[in-house]
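So the chains spell out like this:
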Amino acid sequence: MNPRRMKTFAAAVFLLLALCGTCHAAELCTLDSEWTQGGGTWISLALSGIMAIMLFLSIVYMSAVLLSRLDWILWVKDEFYQALISFFIIYLVSSLGVIACTATFSLAGGDPFSAARSYLNDLIWQKTLNVAMELFLLAIYASVAGAFFVPVGAPPSGFQPLAGLSAINALLNFLFLLASTLFSSLLLQEILLNLAQAVAFKIVLPMGVFFRVFPFLRTAGAAFIAIGLGAYIVWPMLYVFNGAVVASIGDVGFAYESASDWGQAGGSASVFVGPFAAFNALRSVIQMFAPMEQVQKVAILVPQAVFLPLLDLAILYAFIKSMTKVFSQNFPSPFG
């Protein structure tokens, strides 16, 4: 074997073992119970798959020696090296998980999934749902007030003094539909995040490590490993960063006037005189519904419920695509 290649291989092994030692030294920071080294965990499943491959390669090697098949021996040597690479990938993934968990503890005070769920639960149940319910009730009040009829003279003569509230009612209904859509989207994101925690490292990652050993399944195995890494480590970390970004911004103010200032821009409301005096009577009614404040509340939710999750998906897709190319490489064997 080439001495230079041997040195490179030894350096890579030393680095991976050092990372593995860091992983075991930081057992206090774990994503969940699946990180423990007990039986039935994702590490046990992945290692069992590799051991099965090693057994198969051993049988093929013995058969090649008995049958004097040099091509089989060369194939076994190459695939043995790929299985060894898969073995080190397991511990590299474990080290990456500990690093991500440590970063999340310092940033949010908990593991990535707990911090991500805390952020989403607050956004779903404390913000989006409250805004949607407020809009729903205000739309009912506006509809009832706008339908108020004052009879004048013989029926059906009369008028509706607050008929103009139909426009506000339409606006509130639209905002309620938008808030409800945001609520459904956020709830779906939390469900998918829980699903990723349940299957990414228990099913997807061990299958990827197992598939990667075979040449004809190497690309599929690399894709499974990348998906497991992205769904279990990168995705919840992105929600942690979303929460940190939103917390750093704080309450966002808009240039729109608040309900208490409505009708007072440029001076007192007493400027409405003569034929425009009816606007003064509507001022208190408009203040009660505060349409621009409702628009502001929904507008604040849109970046958190739409823009940031879409950005997270774009980052996750780029990560999975890049890592698939990395793990699908057929690393040259130093034994050749």
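See the structure shown above.
Trainee: Describe the overall build of the protein, listing the residues and the values that go with them.
Mentor: Helix and strand counts for the protein come out as eight helices and two strands. Start at the N end of the protein and walk to the C end: the helices and strands fall as α-α-α-α-β-β-α-α-α-α. Residue burial in the protein is summarised as follows: out of 336 residues, 39% are buried. At a minimum sequence separation of 6, the contacts of the protein that also span at least 24 residues come to 78%.

Trainee: Describe the environment of Ile225, and please don't skip the residues or the numbers.
Mentor: Inspection of the secondary structure puts Ile225 in helix α6 (residues 218–249). For Ile225, a relative accessible area of 0% translates into the label buried. With sequence-adjacent residues up to four places away left out, Ile225 is seen in contact with Ile89, Leu205, Gly208, Val209, Arg212 and Phe327.

Trainee: Help me get a handle on the packing of helix α5 (residues 165–212) against helix α8 (residues 291–327), residues and values and all.
Mentor: Between α5 and α8, whose axes approach to 10 Å, the crossing angle comes to 20°. On the basis of the axis angle, α5 is roughly parallel to α8. The two elements α5 and α8 meet at a crossing, and its hand is left-handed. Along the contact surface, α5 presents Leu171, Leu172, Leu175, Leu178, Leu182, Ser185, Leu186, Gln189 and Arg212, while α8 presents Pro291, Gln294, Val295, Val298, Leu301, Val302, Gln304, Ala305, Val306, Pro309 and Phe327.

Trainee: How would you summarise the pattern of salt bridges if you had to cite specific residues and measurements?
Mentor: The full count for this structure, using the stated rule, is three salt bridges. The partner of Arg69 in a salt bridge is Asp71, with the nearest N and O atoms 3.0 Å apart. Looking at Arg69, the relative accessible area reads 35%, which means it is partly exposed. The class of Asp71 is partly exposed, set by a relative accessible area of 41%. For Asp122, the salt bridge is made with Lys127, and the minimal N-O distance between the two is 3.8 Å.

Trainee: Describe the packing of α6 against α8, naming the residues involved and giving the relevant values.
Mentor: Pairs of packed helices are described in terms of their axes, by the angle between the two and the distance that separates them. The contact between α6 and α8 brings their axes to 8 Å, and the two run at 150°. Between α6 and α8, the angle falls in the class roughly antiparallel. As for the relative orientation of α6 and α8, their crossing is right-handed in sense. Grouping the amino acids of the contact of α6 with α8 by side-chain chemistry returns 20 nonpolar, five polar and one charged.

Trainee: Any details on the packing of aromatic side chains? Residues and values, ideally.
Mentor: By the definition in use, this model includes six aromatic pairs. Arranged with centres 5.4 Å apart and planes meeting at 80°, the rings of Trp125 and Phe183 form a pair that is edge-to-face. You can see Trp125 sitting in helix α4 (residues 112–146) and its partner Phe183 sitting in helix α5, a full 58 residues away along the chain. Trp125 gets classed as partly exposed once you look at its relative accessible area, which sits at 38%.

Trainee: Now, about α8: what can you tell me, with residues and values included?
Mentor: The end-to-end C-alpha separation of α8 is 53 Å, in line with the 54 Å expected for 37 residues at 1.5 Å each. The sharpest bend along α8 reaches about 30° and sits at Val302, with the proline Pro303 one to four residues further on.

Trainee: Outline the side chain of Thr128, listing residues and values.
Mentor: Inspection of the secondary structure puts Thr128 in helix α4. Within polar-contact distance, the side chain of Thr128 engages the backbone oxygen of Leu123 at 2.8 Å. Excluding residues that lie within four positions of it along the chain, Thr128 makes contacts with Leu123, Ala179, Leu182, Phe183, Leu186 and Leu301.

What counts as what
Residues numbered from 1 in each chain as written. Predicted model: local features only at pLDDT ≥ 70, side-chain atom pairs only at ≥ 80, totals over all residues. Heavy atoms only, no water. Helix = DSSP H or I, 4+ residues; strand = E, 2+ residues; numbered from the N terminus. Buried < 20%, exposed > 50% of the residue type's maximum accessible area, 1.4 Å probe, protein only. Contact = heavy atoms within 4.5 Å. Axes fitted to C-alpha atoms, helices over the stretch in contact; angles between N-to-C directions. Parallel < 35°, antiparallel > 145°, perpendicular 65-115°, else oblique. Left-handed = near helix turned anticlockwise from the far one by under 90°. Salt bridge = Lys/Arg side-chain N within 4 Å of Asp/Glu carboxyl O. Nonpolar A, V, L, I, M, F, W, Y, C, P; charged D, E, K, R; others polar. Phe/Tyr/Trp six-rings, centres within 6.5 Å; stacked < 30°, edge-to-face > 60°. Expected span 1.5 Å × (residues − 1). Bend = angle between axes of the 7 residues up to and from the residue. Polar contact = N/O pair within 3.5 Å; in protein donor to acceptor, adjacent residues only side chain to side chain.

Purely geometric numbers; function is a separate question.
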